[in-house]
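Breakdown of the fold
Listed below, chain by chain, are the residues.
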Amino acid sequence: MELNDFIKDFADQFDETDFSEFAAETKFRELEEWSSLTGLALLNMIKAKYKIHVTAEQLLKISTIGELFNFIQQ
Amino acid sequence: MISEQVYAPFSLCNKKILVTGASSGIGRAVAIECSKNGATVILTARDKARLEQTYNSLTAGDHASYCADLTDESEVQSLAGQVPQVDGIVHCAGIMETLLFQFVKKEQLQQIMEVNFLSPVLLTQHLLEQKKLRKNSSIVFISSIAGVTCSGIGNSMYSASKGAINGIIKGMALDLAPKNIRVNSVIPGMIETGFFKEGLISESQVAEDKNRYPLKRYGKPEEVAFAAIYLLSDAAGWVTGSNLLIDGGYTLL
Ligand SMILES: NC(=O)c1ccc[n+]([C@@H]2O[C@H](COP(=O)([O-])OP(=O)(O)OC[C@H]3O[C@@H](n4cnc5c(N)ncnc54)[C@H](OP(=O)(O)O)[C@@H]3O)[C@@H](O)[C@H]2O)c1
């Protein structure tokens, strides 16, 4: 699994935000477009694409895209 | 017998009731409450140990319990063959998956339709075919407000499965009316069970959601059981094809 691919999959869950705003250190909750719905979309995407079940509580403890990438790699 | 002189239109005395999904949550509460109301209950689910826990919580009686996977056609056939004649069924077995529509795939859709829609319907059909439903029986589906009056985020597949139940009970109610068999559903709002164990909804989201209910809490499994008991009892003798709403006022807003 590559970080860059993950960033792309992450960005795919957004419709308005420019791709340049997504990087490993991006604090995703600070993105204007972020909502609990995007959160659910991320969990659904990670399950479908990476076959990993991340819970909403686990996601709450994670603040950047890079941290989420590391979390699902473990 | 004294019991025959007592005025008790809601009693389930002398009734045998089959309860699916009896190993957990609403099904467990339905089984226990039915036994407390005088019924002989027949429990079914897949998990033997959890089914036994329910069995041990029933008030004493001539109850029975059968393990079966309701998505397995041969297990359903054999279950329908083994159970005695009954006066009612409460279909509580069901699954849920929180999946936004853009992620829905045929496989997941098929699975949820199979457990929530096809299984209870086909089990009922097998029981009828094998003459296991007495005249005056009552069939109760635990459906949901989702798919009948509303839906929820990530709930499209689940809503479809419950909407399908809502449709078929109308036709079943008509077709079975000549046998005086009644067919109804209970449509609950959110109930405190392990149903959301998949963890895609955070605790704070749950708290927020509870707050949307005019009665400011989720329902209890027993509160769904009481509705099912009404529909099973002779008190509901003229009730068929209906959906009994138990939702703390949620769908009023
Ligand atoms: N909780 C709610 O908020 C809520 C609200 C509205 C409606 N409902 C409906 O109420 C029903 C019960 O929900 P619950 O909250 O009590 O859920 P639950 O605690 O998860 O119980 C589900 C039951 O279904 C059984 N089951 C699942 N798949 C099965 C299969 N393939 N074959 C046989 N049995 C199977 C399970 O038994 P085994 O695992 O032992 O097989 C378990 O006993 C469901 O139909 C649900 O849609 C629930």
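Figured I'd write up the structure that's included with this text.

Parameters at a glance
Residues numbered from 1 in each chain as written. Chains lettered and ligands numbered in written order. Predicted model: local features only at pLDDT ≥ 70, side-chain atom pairs only at ≥ 80, totals over all residues. Heavy atoms only, no water. Pairing = 2+ DSSP bridges. Helix = DSSP H or I, 4+ residues; strand = E, 2+ residues; numbered from the N terminus. Axes fitted to C-alpha atoms, helices over the stretch in contact; angles between N-to-C directions. Contact = heavy atoms within 4.5 Å. Core = buried A, V, L, I, M, F, W, Y, C linked by side-chain atoms within 4.5 Å. Buried < 20%, exposed > 50% of the residue type's maximum accessible area, 1.4 Å probe, protein only. Phe/Tyr/Trp six-rings, centres within 6.5 Å; stacked < 30°, edge-to-face > 60°. Lys NZ or Arg CZ within 6 Å of the ring centre and 35° of its normal. Near = heavy atom within 4 Å. Polar contact = N/O pair within 3.5 Å; in protein donor to acceptor, adjacent residues only side chain to side chain. Nonpolar A, V, L, I, M, F, W, Y, C, P; charged D, E, K, R; others polar. Buried area = accessible area lost by both parts, 1.4 Å probe.

Another aspect to go through is the sheet that holds strand β3 (residues 64-67) of chain B. All names here are of chain B. The parallel open sheet is built from seven strands, whose spatial order is β3-β2-β1-β4-β5-β6-β7. The open sheet terminates on both sides in strands that have one partner only, identified here as β3 and β7 (243-246). Neighbour-to-neighbour, the strand axes of this sheet turn through a mean angle of 15°, independent of strand direction. Where strand β1 (residues 16-20) meets strand β2 (residues 40-45), five bridges bridge the pair, whose relative direction is parallel. Opposite Val19, over in β2, you have Leu43 as the bridge partner. The strands touched by helix α1 (residues 25-36) within the sheet are β1, β2, β4 (86-91) and β5 (133-142), with β1 carrying the most contacts at an inclination of about 165°. Docked against the sheet, helix α4 (residues 106-129) engages β1, β4 and β5, running at close to 175° with respect to β5.

Turning to the nonpolar core, a few remarks are in order. Formed by 33 residues in total, the largest nonpolar core has its most connected members in Phe6, Phe10, Phe22, Phe28, Ile46 and Leu68 of chain A. Secondary-structure elements contributing two or more residues to this core are α1 (3-11), α2 (36-50), α3 (56-60) and α4 (65-73) of chain A together with α5 (156-176) of chain B. Here the element with the most residues in this core is α2 of chain A; it accounts for seven residues. Every residue in contact with Phe6 of chain A, bar those within four places of it in the chain, is listed here: Met45, Ile46, Tyr50, Ile65, Leu68, Phe69 and Ile72 of chain A. Of all hydrophobic cores here, the second largest spans 31 residues; its members include Ile17, Ile32, Ile191 and Ala236 of chain B.

How two aromatic rings sit relative to each other is given by the distance of their centres and the angle of their planes. Residue and element names in this part refer to chain B. Using the criterion set out here, one finds 12 aromatic pairs over all chains in the structure. Judged by centre distance (5.5 Å) and plane angle (75°), the ring pair of Tyr213 and Tyr218 falls under edge-to-face. Its end group placed over the ring of Tyr218, Lys210 keeps NZ or CZ at 5.3 Å from the ring centre.

On to unusual backbone geometry, then. Residues and elements named next belong to chain B. Its identity as a non-glycine residue notwithstanding, Asn14 has a phi of 65°, on the positive side. Relative to the helices and strands, Asn14 is located in the segment before β1. The phi dihedral of Asn180 is positive, around 60°, even though this residue is not glycine. Along the chain, the position of Asn180 falls in the loop between α5 and β6 (182-188).

All names here are of chain B. The local shell around the ligand holds 30 residues, among which Ser24, Ile26, Arg46, Tyr158 and Thr193 are the closest. Side-chain polar atom of Ser23 to an oxygen atom of the ligand: 2.7 Å apart, as the coordinates give it. In terms of residue class, the shell around the ligand is made up of 14 nonpolar, 10 polar and six charged.

Our next topic: the interface of chain B and chain A. Contact with chain B, which involves 13 residues of that partner, is made by 14 residues of chain A. Between chain B and chain A, roughly 1,100 Å² of surface is buried when both sides are summed, and carbon and sulfur atoms account for 67% of that area. On the chain B side of the contact with chain A, Leu100, Phe103 and Leu200 of chain B bury the most area, a combined 46% of that side's loss. Joining chain B to chain A, the criterion identifies five residue pairs in polar contact (both at pLDDT 80 or more). By residue class, the composition of the side of chain B that touches chain A is six nonpolar, five polar and two charged.

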